[in-house]
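Fold and contact review
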Amino acid sequence: MKYRTIGTDPATRREVSVLALGAMLFGSRTDEKTSFAVLDRYVEAGGNFIDTSDNYAFWEDGGQGGQSEELLGRWRRSRGIGDEIVIATKLGARPLAPGTSYTDNAEGLSAKVIRESAERSRERLGVERLDLLYAHIEDRTVPLRETVEGFAALVAEGTVGLLGVSNHAVWRVERARALAAAAGLPGYEVLQYEHSFLRPRTDVPGDLFPDGSLGGADAQLLDYLRAEPGLTLVAYSPLLKGAYTRPDKPLRPDYEHPGTSARLAVLKDVARQTGATANQVVLAWQTGGPLPVVPLTGTSSVAQLEENLAAVDLELTGEQRARLDAAH
C-alpha cells in the first residue's frame, strides 16, 4: 500500500492509504458477513481510509440512513479497531423523515444540526473523535458563516479532526474557506467530488442544481486544486459503477458525447499494453498523477476489492500517462 497526507495542521493531519474504501452500502444492500470480509481484507492490505455518511443508505429501505455507520461501529468493536483507521463521514443530507430525501427534506448545515448529527455519528461509529467530517451537500438557507463556525467549534472541542466538503459549488467552497481563514478557524481541507477518467457533460441539470452538475470535479475544481496545494481531492465513483468493464452497467447519458469514445479507445489500449484492467488503469492514473487525488471505491465483494488493490502497484509510463491526459 502507498500513502499520502491529508490536512496541513500537525494536530489533525493524517496519513491515509492512496485508495479509500467506500462503505455506502455496507449494512444494507451488502450484508454484514460480506461487509466485514471486505473491511478485513482492506485493512490487511494496508488500507486505512474508510468513507461513509450519516444518510447511507436511506434509499434502500425508505428510512433515514445510519446503517453504514452502525455496521462500521460493530466492525470496529469486534476487531478492536482504534484510531489507526481513519473513518470519514458526512452530514447535511440525511432526510429528516422516513420516505423523504435530501432533495426535499435534508437536515441541512445549521450549527444545531452540525453538532447533533456529528454526535449521532460518533455514537454509531463508536468513536470519541470523527477523523474527517464533510459537509455533504449545500444548505443555502443557513448563513455560510454559521456553518463554518459550527464545524470549527467541533474541531476546537476535539470531537472532529479534519473538515471536508462535498458537492458544493467551488465558489461556495472558496468563500467558506476565506471566512474560516479570516476568523482564524479551521476550514475545509478535503474535497469529495465525483471524478473519473471519462468526462461527463456538466451542463445537464440535476436534482440540486438547475444549471448543471456541481458535484463533479470539473476544470474549475481541478484548477483550484492546483492553486491550493494544501487541499486533497477524494474522488468518488472513479470506476463509474462498473461501466468501464461491465456491459450490463451502461454509462450515464451525460457521458454520451464525442470525447467519451476517444478517451475509451486510449484507455483500452493502455490497459492492453499494461496487461491490467481498464479499472486498474483508471485508478493508477488518478493515484499517480500530479494532483493529490485519492480514489474512493465501493465494492460488494472481496474479488472486486482485490482488483482495485492491485492498481496501487500499477506504474504507468510517462508516455502512457501523456496519452491518457491528451485524449479528448
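All of these numbers come straight from a predicted model, not from anything done at the bench. (Residues numbered from 1 in each chain as written. Predicted model: local features only at pLDDT ≥ 70, side-chain atom pairs only at ≥ 80, totals over all residues. Heavy atoms only, no water.)

Within the secondary structure, Thr287 sits in helix α9 (residues 278–287). What makes Thr287 buried here is its relative accessible area of 19%. Polar side-chain contacts of Thr287 include one of 3.5 Å to the backbone oxygen of Ala284. (Helix = DSSP H or I, 4+ residues; strand = E, 2+ residues; numbered from the N terminus. Buried < 20%, exposed > 50% of the residue type's maximum accessible area, 1.4 Å probe, protein only. Polar contact = N/O pair within 3.5 Å; in protein donor to acceptor, adjacent residues only side chain to side chain.)

Our focus in this paragraph is the nonpolar core. Membership of the largest hydrophobic core comes to 88 residues, with the highest contact counts inside it found for Phe49, Ile50, Phe151, Val281 and Leu324. Residue contacts for Phe49: discarding those within four places in its chain leaves Ile6, Val16, Ser17, Ala20, Leu21, Tyr42, Val86, Ala88, Leu132, Val234 and Val294. (Core = buried A, V, L, I, M, F, W, Y, C linked by side-chain atoms within 4.5 Å. Contact = heavy atoms within 4.5 Å.)

Let's shift gears to the packing of helix α8 (residues 258–274) against α9. As a packed pair, α8 and α9 sit with axes 9 Å apart at the nearest point and diverge in direction by 100°. Comparing the axis directions of α8 and α9 gives the class roughly perpendicular. Counted together, Arg263, Leu267, Val270, Ala271 and Thr274 of α8 and Ala278, Val281, Val282 and Trp285 of α9 form the full contact between these two elements. Taken together, the residues of the contact of α8 with α9 sort by class into seven nonpolar, one polar and one charged. (Axes fitted to C-alpha atoms, helices over the stretch in contact; angles between N-to-C directions. Parallel < 35°, antiparallel > 145°, perpendicular 65-115°, else oblique. Nonpolar A, V, L, I, M, F, W, Y, C, P; charged D, E, K, R; others polar.)

Taken in spatial order, the eight strands close into a barrel running β3-β4-β5-β6-β7-β8-β9-β10, and their pairing is parallel. Shown here is a sheet whose adjacent strand axes are inclined to one another by a mean of 30°, direction ignored. Here strand β3 (residues 20–22) pairs with strand β4 (residues 49–51) via two bridges, running parallel. Counterpart to Gly22 in the pairing with β4 is Asp51. Taken strand by strand, helix α7 (residues 219–227) contacts β8 (190–194) and β9 (232–236), and its axis lies near 150° from that of β9. The sheet contacts of α9 involve β9 and β10 (293–298), and relative to β10 the element is tilted by about 150°. (Pairing = 2+ DSSP bridges.)

Note on placement: Leu296 falls in strand β10. Counting along the chain gives 284 residues from Leu296 to Thr12, while the straight-line C-alpha distance between them is 21 Å. When neighbours within four sequence positions are excluded, Leu296 is seen to be in contact with Ala20, Leu21, Gly22, Asp51, Gln192, Val234, Ala235, Tyr236, Ser237 and Pro238.

In this section: the pattern of salt bridges. Taken as a whole and judged by the stated rule, the model has 23 salt bridges. Across the salt bridge formed by Lys112 and Glu116, the nearest N and O atoms sit 3.1 Å from each other. Residue Lys112 and its partner Glu116 are located together in helix α4 (residues 111–125), separated by four residues, close to a single helical turn. Put simply, Glu138 and Arg140 hold a salt bridge, and the shortest N to O gap is 2.4 Å. (Salt bridge = Lys/Arg side-chain N within 4 Å of Asp/Glu carboxyl O.)

With respect to burial, β10 is a largely interior element, five of its six residues being buried. In this sheet, β10 lies alongside β3 in parallel orientation, the contact comprising three bridges. Each residue of the ladder has a partner; that of Ala20, found in β10, is Leu296. Pairing of β9 with β10 involves four bridges; the strand directions are parallel. Looking at β10, one finds that Val234 is bridged to Val294.

Okay, the side chain of Thr147 next. For Thr147, the location among the structural elements is in helix α5 (residues 144–157). A polar contact is formed between the side chain of Thr147 and the backbone oxygen of Leu109, at a distance of 2.8 Å. When sequence neighbours within four positions are dropped, the list of residues in contact with Thr147 reads Leu109, Ile114, Val142 and Tyr188.

A separate point is unusual backbone geometry. A cis geometry characterises the amide bond from Tyr56 onward to Ala57, with omega recorded as -10°. Even without being glycine, Asn167 reaches a positive phi, approximately 55°. Taking the relative accessible area as the measure of exposure, Asn167 reaches 11% and is therefore buried. For Leu240, which is not glycine, the phi dihedral falls at a positive 50°. Counting through the fold element by element, Leu240 comes out in the loop between β9 and α8.

Attention now moves to the packing of aromatic side chains. Where two aromatic rings form a pair, the distance of their centres and the angle of their planes describe that pair. Per the stated rule, a full pass over the model turns up five aromatic pairs. Ring geometry for Phe58 against Trp59: centres 5.2 Å apart, planes inclined by 85°, an arrangement best described as edge-to-face. For Phe58, a relative accessible area of 7% puts it in the buried group. On the numbers, 6.2 Å between centres and 70° between planes, the contact of Phe151 with Tyr188 is edge-to-face. Of this pair, Phe151 sits in helix α5 while Tyr188 sits in the loop between α6 (170–182) and β8, placing them 37 residues apart in sequence. One exposure class covers both Phe151 and Tyr188, and it is buried. Joined through ring pairs, the aromatic side chains of Tyr56, Phe58, Trp59 and Tyr102 make up one cluster. Its end group placed over the ring of Phe197, Arg263 keeps NZ or CZ at 3.9 Å from the ring centre. (Phe/Tyr/Trp six-rings, centres within 6.5 Å; stacked < 30°, edge-to-face > 60°. Lys NZ or Arg CZ within 6 Å of the ring centre and 35° of its normal.)

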